[in-house]
Amino acid sequence: MRIHLLPALNPDGFEISVVGDCDGVKGRYNKNGFDLNRNFPDPFEENRVQRQPEAQAVMDWIQSEPFVLSATFHGGAVVANYPYDSRKPDMFPNATYSMAPDDDILRHISTVYSASHANMFTGQHCGSTFPGGITNGAEWYAVKGGLQDYNYAWGRCLDITLELTCCKYPQADKLPQLWDENKAALLAFMRQIHLGIKGRVLDENSNPIDNAQIQVEGRENIVPFTSTQNGEYYRFLVPGNHRIKVSAIGYEPQVRNVLLQSIGENYTAVVVDWTLKKKPCKPDFTHHNHTALGEFLTCVSLKYPGLTHLYTVGKSTQGRDLWVMAIGRNSTEHEIGRPEFKYVGNIHGNEVVGRELLIHLVFHLVASYGNDPDLTLYLQRTRVHIMVSMNPDGNQISEEGDEMGLKGRYNANGVDLNRNFPDGLNKAHSPVIQNETQAVMNWLQDNPFVLSGSLHGGALVVNYPYDNLPASECQNEWNCKKQQDVITTDRDGAHPASELCNTLFLPEFQDIPYENLTAEEQYSGSPDDDIFRHISLVYARNHPKMQQPGACPGSTFPDGITNGADWYTLEGGMQDYSYVWGQCLEVTLELSCVKYPNTSDLEQYWRDNKQSLLEYMKLTHLGVKGRVMSSNGQPISGASVHVAGRTNLKAYNTSQEGEYFRLLVAGIYQIEASAPGYFPVSNTVTIENTARDPYSAQTLDFILTPSTCFDGYIYHNFSALQRFLECIHLNYPGITHLYSIGPSAQGKDLWVLAISGKDSSQHTVGIPEVKYIGNMHGNEAVGREILLHFILHLVTSYGKNPELTLFMDNTRIHVLPSMNPDGFEMSSEGDCDGPAGRYNANGLDLNRNFPDAFDEREDERQSETRHVMKWVASIPFVLSANMHGGAVVAVYPYDSLTKEMTAEYNSSTANGEPYHHLTPDADVFNHLALAYSLNHPFMYTGQSECEYFQNGIVNGVEWYPLHGSMQDYNYIWAQCMEITVELTCCHYPPTNELQQHWLDNRKPLVQYLMQVHIGIKGRVFDTNGNPIRGASVHVKGRDNFLPYNTTADGEYYRLLLTGRYTILGPPDQHHFDDGARPSTSSVEGPARAPLRQAPPEHLFGGGARPNCSSLVAGPPEQLFGRLLEDSRWPLTNLSLCTFPPLPLTK
């Protein structure tokens, strides 16, 4: 016997209690004011009190130790009180006695204490009468959330409450007497631990069986008494004849009659051991409920321990295990080079055919291992995971014979789990993620699955991604209009549903070729459409009925397959999520015309699908696999493996071991591996129709050489930052130019690195200028570091990544990693919220230090501010972003208010209404902010640890107004559209988080700058062909605070979205007559245009000067053309000409 003594469960309360206080409450409760004996879960009623640390600690303790007997000591009476304290729900209204299943035993041990006590047995104490000195808890008074009930119900430990004194805190001189009165009772009570039976539960090989249930007939406990990990059990019983049943999942139960003739001799209970036989595992063709499913899987796991691994990925909403059976050689862990496959069944609880097929598939696989050479080799080279039921709660209430109903389809919260995942094509889809969904999402992230199938019912077809459509005809910039409802038939047989266009996603941000998509053609093909069609056809062609016309009444699918959206669109489907976020190709297998067929039909379903299920699994070994390693022999985690011509929504990245798998059909492919800090490597691979080695994809490994300048994911002080930039310039002199725009307040250079494939040292006509600025607030350090990694990413990709190379050839990029190096030197790693280092060396906030068009207040202009103002005046920047920290959101102008607006703002915010101050280019700014947000892995959700923002963007004033911001200055005075990007909740997070912050922002950093090529650009000339400096180029309807003027080269850039615009050029700069008329141009843009498209007619292209003389005599020329919204680069130039005024006529 091992004795545990916990002298004080409430030490905080004891410290404030007072000696001699017999009836008060001072010190009764814990420090938070909670009664700990009302703080535990209650067996009969939900106890919604806030769980206290003391109660939680005791609960954890009880669950960690196999306690058998317990007592809790109280004061205020003299009595032994036994469960239940809480009233049972089936008690009569006037009844008070709340009887436990082991009432006789509880009465016995309570009587032992009372009778062994000096005077408790009299029952006459403290003005109360308790016959025999004992009482049932609820009969005395009911308590909800008591410790003794928790111990008995959940700890399988018999616990009583011992009230020892009338006075709660007696004087110290009473303690010897109290010890004498209780000593014998304490010892006698402890000896009762040997009452009843004990033993072990073993299997036929003498291995212990964990969690076997020990059930005594007539004693139905809330939580059954169970065996420990060692197969050990203890069960209190009084003398008599007891019928005992011992059972465990996967074993045949055993029943015995046990006669107890005396109460333990020699301090030992009667030993009764049990040996259970394993059940035969072969399943019948019948519908299995959740209990039967668990028993089957456990049986298989026990019978085939080397080949199988049974685990759970989580719990359903109602607490049922989401079981997964892994099958393969070394089934417990991933092996390098061995792909992972999965089947998921029963996502809709009433679609049960897949559930039953997977049960039979599990048994077929394990029974075939060692007997079928082909399947044996497959299982040696593949690990298969089978989740039979993703929605056990829904299945529990579904009904056999249900052909096309909804009962049981949804989970216990009434949510369709196949609409509950994040959606790659509609990032505004933000459902409340359910337990089951989150468990599957975590499962996908934890395992490098390559191929998957989700089993459904209600049709007979293989359905492949995408299920959803990108924004197309319904897209009106970022504000979709509700289209006419399209009534469709749900592929799973649900009631007709209206699918509305409500997406905020634009396809150009994801680089998917949707040029051919129209409202009439609903086909939504993925970059791997050829592979999806191939694997879908493999399943359908091996099925005897799936390719037949009209396989289910009222529906026909050519070849037995369909694109998801071409059938009907849905958001939040699992197959799209698996493909986009899990790097796992998944299809949806619709396997039956009815949802819940009769038992008699199950065997035929197995015969129809057996070969298809097996042949589909074997496709796991299509294509190519390998590892990406550093030249020093270390695996590179998170390296991107890109197949030319297949730009996925999320890059295929390597695992922790540098491993990748890429399903591909036969053909010749160019594959590039790249990683931050390494030079990219590209190889050509030929995939053949027949694998050279069965069940092994072709191997293509990559060895990457580290870049000289990469020094890890660290924070760089000023010297290290300077060394890094010098290293980059030294190693990439042809595409970089390092310069300083001036010193900080303390004399540190404000270094800028310019990058361009043309001429990085000076402006080139027709090449737009973009910039990133980091670390404006010195303690907001993440922007500073990710901009260094951004620089490295660009220079190491030049000449190796065609898309980035093309972008750099047609853009000059300027990166100022730290605008406030002095403040950075004063900040501290780990300081998430403090102000230290925020300001410059003079204690001023640089983001409140610029001229403000709406507010006349002026602080002394700081050195850093002055140099940035000169910088933006000297270079015709078009697009910019300013990197901050403290939130996760993209903020767009305006930040500031006029005095008149301030009153309106205060009134609106006081009423809880948002107040915006929008620019004339609000649509473009909205687009730009979303360009960053939607390409970030979670910014677009608006949900982070710090603050919520719808779609991850916000207008500056709507968030909070500020005076003198840099983004407002850039837009108003510099003709440069700038947003502020808040990157992290913590201003200066730990070093070990930097790599993840870089990975989160790598794509949006690139995609944002690429937006510089939307809209129009061109030059303004006089009639002699000379460029005009300072000419105004005005877009009708956009009344900017200051006009957009041309540069010294007559050049202008104007970011615009798809649409029709009237562009007003200037009057002739040499003739300022009142009759002068501006030249005009109407520009109309298509939804998309291919890269490197030739100039459309009527647009002057290539930067050549137009022949303006032909325009002098006639009316203003109307130029009609296309706005190349998504060509990005090179963009066709629009040149505007001026001419003398026309002769005046009546």
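Residues numbered from 1 in each chain as written. Predicted model: local features only at pLDDT ≥ 70, side-chain atom pairs only at ≥ 80, totals over all residues. Heavy atoms only, no water.

Regarding unusual backbone geometry
Next up, step 1: Cis geometry marks the peptide bond from proline 83 to tyrosine 84; its omega dihedral reads 5°.
Next up, step 2: With respect to the helices and strands, tyrosine 84 occurs in the loop between strand S2 (79-82) and helix H3 (103-116).
Next up, step 3: Along the chain, proline 465 connects to tyrosine 466 via a cis peptide bond; the corresponding omega equals 0°.
Next up, step 4: Within the chain, serine 206 stands out as a residue other than glycine whose phi angle is a positive 65°.
Next up, step 5: One can find serine 206 in the loop between strand S7 (197-203) and strand S8 (213-216).
Next up, step 6: Given the relative accessible area of 53%, serine 206 is considered exposed.
Next up, step 7: Even without being a glycine, asparagine 346 presents a positive backbone phi close to 65°.
Next up, step 8: Note that asparagine 346 resides in the loop between strand S17 (340-345) and helix H8 (353-368). (Helix = DSSP H or I, 4+ residues; strand = E, 2+ residues; numbered from the N terminus. Buried < 20%, exposed > 50% of the residue type's maximum accessible area, 1.4 Å probe, protein only.)

With respect to the sheet that holds strand S12 (residues 254-260)
Next up, step 1: Spatial ordering of the open sheet is given by S9-S8-S11-S12, a layout of 4 strands whose pairing is antiparallel. In this open sheet, the two strands that pair with only one neighbour each are strand S9 (225-226) and S12.
Next up, step 2: In this structure, strand S11 (residues 240-247) lies alongside S12, joined through 7 bridges in antiparallel fashion. Counterpart to histidine 242 in the pairing with S12 is valine 258. (Pairing = 2+ DSSP bridges.)

Description of the pairing of strand S16 (residues 321-327)
Next up, step 1: Within S16, 6 of the 7 residues are buried, which leaves it mostly tucked inside the rest of the structure.
Next up, step 2: Taken together, the 6 bridges between strand S15 (residues 308-315) and S16 define a ladder with antiparallel strand orientation. Bridging across to S16, threonine 312 finds its partner in tryptophan 323.
Next up, step 3: If you look at the hairpin formed by S15 and S16, you'll find 5 residues sitting between the two strands, and glycine 319 has a positive phi there, around 90°.
Next up, step 4: Note: S16 against strand S18 (residues 383-387), 3 bridges, orientation antiparallel. Paired with isoleucine 327 across the two strands is valine 384, which belongs to S18.

What about the packing of helix H11 (residues 435-446) against helix H14 (residues 574-582)?
Next up, step 1: Interhelical geometry of H11 versus H14 gives an angle of 35° and a closest axis separation of 11 Å. Of the two possible hands of crossing, H11 and H14 adopt the one that is right-handed. Facing Val440, Met441, Leu444 and Gln445 of H11, the residues of H14 in contact are Met574, Tyr577, Ser578, Trp581 and Gly582.
Next up, step 2: Of the residues assigned to the contact of H11 with H14, the class counts are 6 nonpolar, 3 polar and no charged. (Axes fitted to C-alpha atoms, helices over the stretch in contact; angles between N-to-C directions. Left-handed = near helix turned anticlockwise from the far one by under 90°. Contact = heavy atoms within 4.5 Å. Nonpolar A, V, L, I, M, F, W, Y, C, P; charged D, E, K, R; others polar.)

Considering the sheet that holds strand S29 (residues 681-687)
Next up, step 1: The strand order across the open sheet formed by 3 strands is S26-S28-S29, and the pairing between neighbours is antiparallel. In the strand order of this sheet, the two ends are held by strand S26 (640-643) and S29, each with one partner. Across the sheet, the mean angle from the axis of one strand to that of its neighbour is 25°, orientation sign disregarded.
Next up, step 2: Sheet topology note: the S26/strand S28 (residues 667-674) ladder contains 4 bridges and is antiparallel. Across the sheet, the residue bridging to serine 640 is serine 674, located in S28.

Examining the pattern of salt bridges
Next up, step 1: Within this structure, the stated rule accounts for 38 salt bridges.
Next up, step 2: Glutamate 45 serves as the salt-bridge partner of lysine 144, at 3.5 Å between the closest nitrogen and oxygen. You can see lysine 144 sitting in the loop between helix H4 (137-140) and helix H5 (147-154) and its partner glutamate 45 sitting in the loop between helix H1 (11-16) and helix H2 (53-64), a full 99 residues away along the chain.
Next up, step 3: For glutamate 45, a relative accessible area of 45% translates into the label partly exposed.
Next up, step 4: Between lysine 618 and aspartate 374 there is a salt bridge, with its nearest N and O atoms 2.8 Å apart. Remark: aspartate 374 occurs in helix H9 (residues 373-381) and lysine 618 occurs in helix H15 (residues 602-618); sequence separation between them is 244 residues. (Salt bridge = Lys/Arg side-chain N within 4 Å of Asp/Glu carboxyl O.)

Overview of a nonpolar patch on the surface
Next up, step 1: The grouping of Met1, Ile3 and Leu5 at the surface amounts to a nonpolar patch, some 380 Å² of accessible area in total.
Next up, step 2: Mapped onto the secondary structure, methionine 1 falls in the segment before H1.
Next up, step 3: Among the residues examined, methionine 1 registers a relative accessible area of 62% and is labelled exposed. (Patch = residues over 30% accessible without salt bridge, like charges linked within 9 Å, V, L, I, M, F, W, Y side chains within 5 Å. Areas by Shrake-Rupley, 256 points an atom, 1.4 Å probe, with all protein chains shown as cover.)

Points about the environment of cysteine 946
Next up, step 1: In this structure, cysteine 946 sits in the loop between helix H22 (922-933) and strand S38 (953-955).
Next up, step 2: In sequence terms cysteine 946 and cysteine 985 are 39 residues apart; their C-alpha atoms lie 5.6 Å from each other.
Next up, step 3: Leaving out residues up to four positions away in the same chain, cysteine 946 has contacts with Gly886, Ala887, Val888 and Cys985.

Digging into the confidence of the model for the protein chain
Next up, step 1: With 88% of its residues at a pLDDT of at least 70, the protein chain reaches an overall mean of 86.
Next up, step 2: Low pLDDT, under 50, characterises residues 1068-1146; the predicted model gives this stretch 198 contacts beyond four residues in sequence or across chains. (pLDDT = per-residue confidence, 0-100.)

Here's the deal with H9
Working note: α-helix, 3.6 residues per turn, so residues spaced by three or four point in the same direction.
Next up, step 1: When we look at burial in H9, the residues that qualify are Leu375, Thr376, Tyr378 and Leu379. Across the axial projection of H9, the buried residues extend over an arc of 160°, all falling on one side.
Next up, step 2: Lining the buried residues of H9 we find S16, S17, H8, S18 and H15.
Next up, step 3: N-capping of H9 is provided by aspartate 372, with a side-chain oxygen placed 3.0 Å from the backbone N of aspartate 374. (Arc of directions from axis to C-beta. Polar contact = N/O pair within 3.5 Å; in protein donor to acceptor, adjacent residues only side chain to side chain.)

Some points on the pairing of strand S19 (residues 449-456)
Next up, step 1: Burial of S19 is extensive: 8 of the 8 residues sit out of reach of the surface.
Next up, step 2: Where S17 lies against S19, 6 bridges are found, and the strand directions are parallel. Bridging across to S19, glycine 345 finds its partner in leucine 455.
Next up, step 3: In this structure, S19 lies alongside strand S24 (residues 585-592), joined through 6 bridges in parallel fashion. Looking at S24, one finds that serine 452 is bridged to glutamate 586.

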